Amino acid sequence: MTTRIFSGMRPSGKLHLGNYLGAIKNWIALQDAPDTATCIFAAVDLHAITTPYDPATFQKNINDVLLDYLAAGVDPKRSLLIRQSRVPQHAELMWLLSTITPVGWLERLPNYREKLTQVAEMTPSFGFSGSVPPGKDVMQHAREQASTILDKKSYQNNLSLLAYPVLMAADILLYKADLVPVGDDQLPHIELTNEVGSKFNHLFGETFPNVRPFVAPGARIMSLQDPTKKMSKTGDDGIALTDSPDEIRGKIKRATTDSGREIMFNETDKPGISNLLTIFSTLSGAAIDKLERDYAGKSYGDFKADLAEVVVGFLEPFQRRRAEFAADPATLAHILTESEEKARIVAAEHLAEIHQKMGLR
Ligand code: AQP
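Heads up: these notes are all about the structure in this document. Being a predicted model, the structure only gives us computed values, none of them experimental. (Residues numbered from 1 in each chain as written. Predicted model: local features only at pLDDT ≥ 70, side-chain atom pairs only at ≥ 80, totals over all residues. Heavy atoms only, no water.)

1. Concerning the overall build of the chain
So, step 1. The helix and strand inventory of the chain stands at 14 helices and 5 strands.
So, step 2. For the chain, buried positions account for 46% of its 361 residues.
So, step 3. Within the chain, residue pairs in contact and separated by at least 24 positions form 77% of the contacts whose partners lie at least 6 positions apart. (Helix = DSSP H or I, 4+ residues; strand = E, 2+ residues; numbered from the N terminus. Buried < 20%, exposed > 50% of the residue type's maximum accessible area, 1.4 Å probe, protein only. Contact = heavy atoms within 4.5 Å.)

2. Considering the packing of helix α4 (residues 89–98) against helix α8 (residues 159–173)
So, step 1. As a packed pair, α4 and α8 sit with axes 8 Å apart at the nearest point and diverge in direction by 115°. Considering how the two elements wind past one another, α4 and α8 form a crossing that is right-handed. Of the residues in α8, those touching α4 at H90, A91, L93, M94, L97 and S98 are A163, V166, L167, A169, A170, D171 and L173.
So, step 2. Here the residues of the contact of α4 with α8 sort into 10 nonpolar, 2 polar and 1 charged. (Axes fitted to C-alpha atoms, helices over the stretch in contact; angles between N-to-C directions. Left-handed = near helix turned anticlockwise from the far one by under 90°. Nonpolar A, V, L, I, M, F, W, Y, C, P; charged D, E, K, R; others polar.)

3. A short note on the packing of aromatic side chains
So, step 1. Counting across every chain of the model gives 10 aromatic pairs.
So, step 2. One aromatic cluster is present, formed by W27, F41 and Y69 through successive ring pairs.
So, step 3. Over the ring of Y295 we find K298, and its NZ or CZ is 5.3 Å from the ring centre. (Phe/Tyr/Trp six-rings, centres within 6.5 Å; stacked < 30°, edge-to-face > 60°. Lys NZ or Arg CZ within 6 Å of the ring centre and 35° of its normal.)

4. Topic: the pattern of salt bridges
So, step 1. Under the criterion given, the structure shown has 18 salt bridges.
So, step 2. Among the salt bridges present, the one from R249 reaches E309, with a minimum N-O distance of 2.7 Å. Pair noted here: R249 is in helix α10 (residues 245–254) and E309 is in helix α13 (residues 300–326), with a separation of 60 residues, a long-range link.
So, step 3. For R249, a relative accessible area of 32% translates into the label partly exposed.
So, step 4. As a salt-bridge pair, R320 and E316 come within 3.2 Å of each other at their nearest N and O atoms. Residue R320 and its partner E316 are located together in helix α13, separated by 4 residues, close to a single helical turn.
So, step 5. Residue R320 is classed as partly exposed on the basis of its relative accessible area, which comes to 46%.
So, step 6. Salt bridges sharing partners connect three or more residues here, namely K60, D64, D68 and R322. (Salt bridge = Lys/Arg side-chain N within 4 Å of Asp/Glu carboxyl O.)

5. Digging into the environment of L106
So, step 1. Tracing the chain through its elements places L106 in helix α5 (residues 103–107).
So, step 2. Residue classification places L106 among the buried positions, given a relative accessible area of 6%.
So, step 3. Between the C-alpha atom of L106 and that of V166, which follows or precedes it by 60 residues, the distance is 8.4 Å.
So, step 4. Apart from the residues lying within four places of it in its own chain, the contact partners of L106 are T101, Y112, L162, A163, P165, V166 and L192.

6. Focus: the site of the ligand
So, step 1. Around the ligand, a shell composed of 22 residues is seen, among which S12, I221, S232, K233 and T234 lie nearest.
So, step 2. K230 places a side-chain nitrogen or oxygen 3.0 Å from an oxygen atom of the ligand.
So, step 3. In the complex, the protein chains occlude 97% of the 640 Å² of accessible area that the ligand would expose alone.
So, step 4. With 4 residues, the single largest contributor to the shell around the ligand is helix α1 (residues 17–31). (Near = heavy atom within 4 Å. Polar contact = N/O pair within 3.5 Å; in protein donor to acceptor, adjacent residues only side chain to side chain. Areas by Shrake-Rupley, 256 points an atom, 1.4 Å probe, with all protein chains shown as cover.)

Printed below as a string of structure tokens:
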């Protein structure tokens, strides 16, 4: 059986070890697998604008994510490398799918609830202040206050935050992808994609395949500050793939550890040290129980110092490759032009079929 793969990252900040171990590492393994027919890897810029962002630096963020993909091993000879918004069919299919997606399916998704809280924390909420500044017209003041409320609150519970998984379903189904490498936090979104896909098939005729998630075992990397939350690009100081050796050493040294002294894997009682053990094990290939034995009787400080060198050593060749791609912007521009053209051809063909089945043609 041949496989079609789609996956993407939000260019919402610097990619971190969690993004690499939870997703990109698998992209590369799948790209090189013999039964893979097509891989499409995207910088999902339309997803990134669902949370607060800076338009002035957005193109740089997108470019940085694409450089990370190439440095990690995305091979443009085998895979398409695209910016989501350059293939307009993503947004159109999202609209079509939204017409068959009940709001209740979206409201129950855990990521929506998490993002809602995160965004509310990022944007201060403004209320109407009753006191009118001296000399100011009361109606004028009220109008100004109202527009401030709209501006500041406009990100708090946007339709896009709720509808985000419908766009994700469209991203995948647009290419009739059947395998999606993701971190385990994204599993409910893949489930939703299948619910929407089968509802479409039921209503309009067999069109979309069943989508399987591909999740790396044990690769949910948690925050170094709060190991009960996942490492994130926003609102968290994780280890970026582009961090310098000294930044990495500093971040690992400051990472929250747990009470006690043993280097032991126990996610309930020792979430901090368990997370560091997961990072050590996945990057070095050493089994966790071997690491526990190797570090029996040693201090957290010894363990963290060695882990820092593992991370630095792992990222060194990645960063070297990345610098080479960064020094050659014409190559990246060429890869994008070619890939996006090919993606638009496949997307247009599938969308024409969908239009026809939905009676739009
Ligand atoms: N901490 C993590 N551990 C393992 N996998 C992770 N992923 C994200 N964080 C971890 C996986 O990386 C991909 C990135 O998805 P995304 O960019 O669309 O957004 P996200 O999941 O919301 O990622 P972040 O890093 O937390 O970004 P922000 O802060 O912007 O929301 C997905 O496959 C995800 O599973």
